[in-house]
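Breakdown of the fold
Here is how the chains run, residue by residue.
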Amino acid sequence: MSHPVASPSAAAGQPPASRGLRASLRNVEEFKANPLAFYMRLTQDGEPGYRQVAFFDLFGPNYLVNDADEAGRILTSAIDGGSYTKDGLRFFEVMRRLLRRGLFTAEGDDHLQQRRILQPSFQPKAMEELAEGIVRAAAETGARWSSQVGATLDVEGEMRNLALDLLAELLIGGDLRDDVHEFGALNEEMEDRLIEAMGSPFLIPAWIPTRGNRRFAEAAARIRAVVARLIARRRAGLEAARAPDVVLTRLLADELRTGAMGERQFQDEITTLLVGGYKSTALALTWTWYLLATHPDASRRLAAEISEQLGQRPPAFADVRRLRYTRRVVQEALRLYPPVWVVNRVAVRPDQVGDVTIPRGAIIAISPYTLHRHPAHWSRPHDFHPDHFAEGVTRPAHAYLPFGAGRHKCIGNHYAMAAAVLALATLAGRYAFEPPTHPVVANTRAFTTPDPGMRMRLTTAPTRI
Ligand code: HEM
């Protein structure tokens, strides 16, 4: 038996989006209620199939591009002489108040230079040695759960904690886990401030001391202080030759040799990696458990694969490749509930997308959420069907964009996949969840988030029953 996958229903009977203040106000209201439902409606409005490009007025021209090839072309356009940029978007302007010019918020040559410094630490090869820490962190969660079978858990909270432990093992070092958790708590507050700033009718310059601006600056300062402390501690360990081999240690050693970044930039990059890696990974795992709970057949098949491949031993890095179904489950969860629900860009010059002319300065929205449910590319667009990712199944290169594409493609993608597969392989052989007793809808905060949360009863994995 399988439950239908919950998705916000497209608001039926709405007239197509049009221009002007009234359209903007109506769109803002609908967008604020649920951006995913709003985008889904735009893709379907007035058309029997899916729209390639949908215009909507949100106090300025916006275009939802819901076509794999065009989305790919936009995201991979070259920066020099290219057509699209992050510069000029309110979201990145707000994020810069925290991250300044870290990798996520940098553009152009700055971005390229930083990417060259950071990229080597995130290659799949560099992940290999970190797998042990990932499995250890997941096993600790498993050990804690052993006394909680039968209890209803806040699965999103559990996965937030696990994601922080995993990030500590990858980036900072497991010995500084408490500080990473301190970052996690502050990040929640930061997210509230971000949403507040995004939701106001216009962005008040950061130097004007409104209540919102002050609260934002205070939250950012608290996060920076934690990150500065993490770096200082790791540096002290490095000097005493007792630092674990993690991304931060590697970057610090490079920085000592080259001085390529400087203290402030270094701090911004570490903050960026923590902010980029935390909730995205936590929510990917949260939605994965939800989909498994609501699809017992998949849950059984997953537990069987884990038992067949691993027996009683813990997974190792080489198993990420071998655990094919486990990987498909994660890929499919990222398809249905991509944590990053929209990737925005500004058109630097006019462009033609299909039969629509995009004016200079217009905002482009590429939503992995709508693209991943495009009926042209998925045999069962709204169902949880991990075999969408079975070998031999093909689709256009950019029909699946959970990690974005082009020069800004997620730098943590290999890590996130490896961490999710290894964590699932560690936990799903022993545990499963019962479906939530409350309806769950996908909505958004900074990332795609279950509304109203994800409370599920912990049980033992199907093969053990
Ligand atoms: C399932 C987990 C994750 C998802 C779904 C995800 C998704 C994304 C997406 C869609 C982008 C592109 C944004 C854009 O082009 O505007 C991105 C960028 C980025 N992500 Fe991730 N991410 C995940 C995990 C991570 C992790 C674990 C880290 C770090 C440890 C990370 C760090 C970053 C950074 C620094 C960028 C900016 C890259 C650049 O602009 O060059 N992400 N991520």
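Basis of the calculations
- Residue positions are given per chain, counted from 1 along the sequence in the order it is written.
- Owing to the predicted nature of the model, reporting of local features is limited to residues with pLDDT of at least 70; listing and counting of side-chain atom pairs is limited to 80 or more, with chain, interface and lining totals taken over all residues.
- Calculation of side-chain values draws on the structure's entire complement of heavy atoms; hydrogens and water are dropped beforehand.
- Helix numbers and strand numbers start at the N terminus; a helix is a DSSP run of H or I with at least 4 residues, a strand a run of E with at least 2.
- Radius of gyration means the value over C-alpha atoms here, while the globule rule gives 2.2 Å times the residue count to the 0.38 power.
- Burial here depends on accessible area, computed with a 1.4 Å probe over protein chains only, as a share of the maximum for the residue type. Under 20% is buried, over 50% is exposed, and the range in between is partly exposed.
- Residues count as neighbours in contact if any of their non-hydrogen atoms are within 4.5 Å of one another.
- Strand pairing follows a simple DSSP-based rule, namely that at least 2 bridges must link the two strands.
- Interaxial angles span 0 to 180 degrees and are taken between N-to-C directions of axes, which are lines fitted to C-alpha atoms, for helices over the stretch in contact.
- In what follows, salt bridge is the name for a side-chain nitrogen of Lys or Arg lying within 4 Å of a carboxyl oxygen of Asp or Glu.
- Being near a molecule or strand, for a residue, comes down to having at least one heavy atom within 4 Å of it.
- Identification of polar contacts relies on pairs of N or O atoms within 3.5 Å, with a donor-acceptor requirement for protein atoms, meaning one able to donate a hydrogen and the other able to accept it, and with residues adjacent in sequence counted only if both atoms are side-chain atoms.
- Residue polarity is assigned by list, with Asp, Glu, Lys and Arg as charged and Ala, Val, Leu, Ile, Met, Phe, Trp, Tyr, Cys and Pro as nonpolar; anything else, Gly included, falls into the polar class.
- Here, expected helix span is obtained from the residue count minus one, scaled by 1.5 Å.
- UniProt positions are given in the numbering used here, feature names are shortened, and annotations may be inferred rather than shown by experiment.
- Any two rings among Phe, Tyr and Trp, with Trp reduced to its six-membered ring, count as a pair given centres within 6.5 Å; such a pair is stacked if its planes are under 30 degrees apart, edge-to-face if over 60, and tilted if neither.
- Like-charged residues are merged into a patch within 9 Å and nonpolar side chains (Val, Leu, Ile, Met, Phe, Trp, Tyr) within 5 Å, provided each residue has over 30% relative accessible area and no salt bridge.
- For accessible areas, the Shrake-Rupley method is used with a probe of radius 1.4 Å. Any residue's cover is judged against the shown protein chains and nothing else.

This part is about the overall build of the chain. Across its full length, the chain carries 17 helices and 12 strands. For the chain, the C-alpha radius of gyration of 22 Å lies close to 23 Å, the compact-globule estimate for 465 residues. Taken along its principal axes, the extent of the C-alpha atoms in the chain is 60 × 55 × 45 Å. Across the 465 residues of the chain, 56% fall into the buried class. Here the contacts in the chain between residues at least 6 apart in sequence split such that 74% fall between residues at least 24 apart.

With mixed pairing, 5 strands are arranged side by side in an open sheet as S1-S2-S8-S5-S3. Looking at strand neighbours, the two that pair on one side only are strand S1 (53–57) and strand S3 (84–85), the edges of this open sheet. The sheet contact formed by strand S2 (residues 61–65) and strand S8 (residues 363–366) spans 3 bridges and is parallel. Within the sheet, the bridge partner assigned to Tyr 63 lies in S8 and is Ile 364. Sitting on the sheet, helix H2 (residues 35–44) touches S1, S2 and S8, and the angle it makes with S1 is about 125°.

Attention now goes to the pattern of salt bridges. Where charged atoms from two side chains of opposite charge approach closely, those side chains can pair. The final tally for this structure, using the stated rule, is 38 salt bridges. Glu 70 is paired through a salt bridge with Arg 73; the nearest N and O atoms lie 2.9 Å apart. Of this pair, Glu 70 and Arg 73 are both found in helix H3 (residues 68–75), 3 residues apart, which corresponds to roughly one turn of the helix. Taking relative accessible area as the criterion, Glu 70 reaches 14% and is therefore assigned buried. On the basis of relative accessibility, which here comes to 34%, the residue Arg 73 falls in the partly exposed class. For Arg 250, the salt bridge is made with Glu 129, and the minimal N-O distance between the two is 3.3 Å. Taken together, the residues Arg 250 in helix H11 (residues 247–258) and Glu 129 in the loop between helix H6 (124–128) and helix H7 (131–145) connect sequence positions 121 residues apart. What makes Arg 250 buried here is its relative accessible area of 18%. Ionic contacts of the salt-bridge type, sharing partners, join the residues Arg 136, Glu 140, Asp 165, Glu 169 and Arg 177 into one network.

Okay, the site of the ligand next. Taken together, 30 residues are adjacent to the ligand, and His 111, Arg 115, Arg 345, His 408 and Cys 410 come closest. At 2.7 Å from an oxygen atom of the ligand is found a side-chain nitrogen or oxygen belonging to Arg 115. A distance of 2.7 Å separates an oxygen atom of the ligand from a polar side-chain atom of Arg 345. Residue assignment for the shell around the ligand shows that the elements contributing at least two residues are helix H5 (108–118), helix H12 (263–293), strand S5 (343–347) and helix H17 (413–427). No other element matches H12, which puts 7 residues into the shell around the ligand. Among the residues making up the shell around the ligand, the classes are represented as 16 nonpolar, 9 polar and 5 charged.

So, on to the sheet that holds strand S4 (residues 152–154). Two orientations exist for strands paired in a sheet by backbone hydrogen bonds: parallel and antiparallel. Strand order in the open sheet formed by 3 strands is S4-S12-S9, and the pairing between neighbours is antiparallel. Lying at the two open borders of the sheet, with one neighbouring strand each, are S4 and strand S9 (431–433). Adjacent strand axes in the sheet meet at a mean angle of 45°, parallel and antiparallel pairs treated alike. Pairing of S4 with strand S12 (residues 455–460) involves 3 bridges; the strand directions are antiparallel. For Leu 153, the partnering residue across the bridge sits in S12 and is Met 456. Docked against the sheet, helix H8 (residues 155–172) engages S4, S9 and S12, running at close to 55° with respect to S4.

Looking now at unusual backbone geometry. Both trends apply: most residues other than glycine have a negative phi, and most peptide bonds are in trans. Cis rather than trans, the peptide bond between Asp 451 and Pro 452 has omega equal to 5°. Locating Pro 452 in the fold gives a position in the loop between strand S11 (448–451) and S12. The residue Arg 100 is not glycine, and still its phi comes out positive at about 45°. Residue placement: Arg 100 occurs in the loop between helix H4 (90–99) and H5.

Right, let's talk about H12 for a bit. Taking 1.5 Å of rise per residue, 31 residues should cover 45 Å, and H12 covers 45 Å from first to last C-alpha, within 8% of that figure. H12 sits mainly inside the fold: 28 of its 31 residues count as buried.

Turning next to the UniProt feature "binding site: heme" (unreviewed entry) in the chain. Mapped onto the present numbering, the UniProt feature "binding site: heme" (unreviewed entry) falls on Cys 410. Within the fold, Cys 410 resides in the loop between helix H16 (368–371) and H17. Classification of Cys 410 by relative accessible area gives partly exposed; the value is 31%. Cys 410 has contacts with Arg 115 and Phe 403, leaving out every residue within four places of it along the chain.

Compared with an ideal rise of 1.5 Å per residue, which puts 29 residues at 42 Å, helix H10 (residues 211–239) spans 42 Å between its outermost C-alpha atoms and is within 8% of the ideal. Residues of H10 that are buried include every one of Asn 213, Phe 216, Ala 219, Ala 220, Ile 223, Arg 224, Val 226, Val 227, Leu 230, Ile 231, Arg 234 and Gly 237, and no others. The elements touched by buried residues of H10 are H4, H8, helix H9 (177–199), H11 and H12. Count one or two residues on from H10 and you reach Ala 241, which has phi positive near 55°.

Let us now look at the packing of aromatic side chains. Both the distance between ring centres and the angle between the ring planes are used here to describe each pair of aromatic rings. One pass over the structure, following the stated rule, counts 22 aromatic pairs. Aromatic pair Trp 145 and Trp 289: ring centres 5.9 Å apart, planes at 65°, arrangement edge-to-face. Taken as a pair, Trp 145 in helix H7 and Trp 289 in helix H12 lie far apart in primary sequence, 144 residues in all. By relative accessible area, which is 0% here, Trp 145 ends up buried. The class of Trp 289 is buried, set by a relative accessible area of 2%.

Let's shift gears to a nonpolar patch on the surface. On the surface, Leu 21, Leu 25 and Phe 59 cluster together into a nonpolar patch covering about 320 Å² of accessible area. Along the chain, the position of Leu 25 falls in helix H1 (residues 21–33). Under the relative-accessibility criterion, Leu 25 is labelled partly exposed at 46%.

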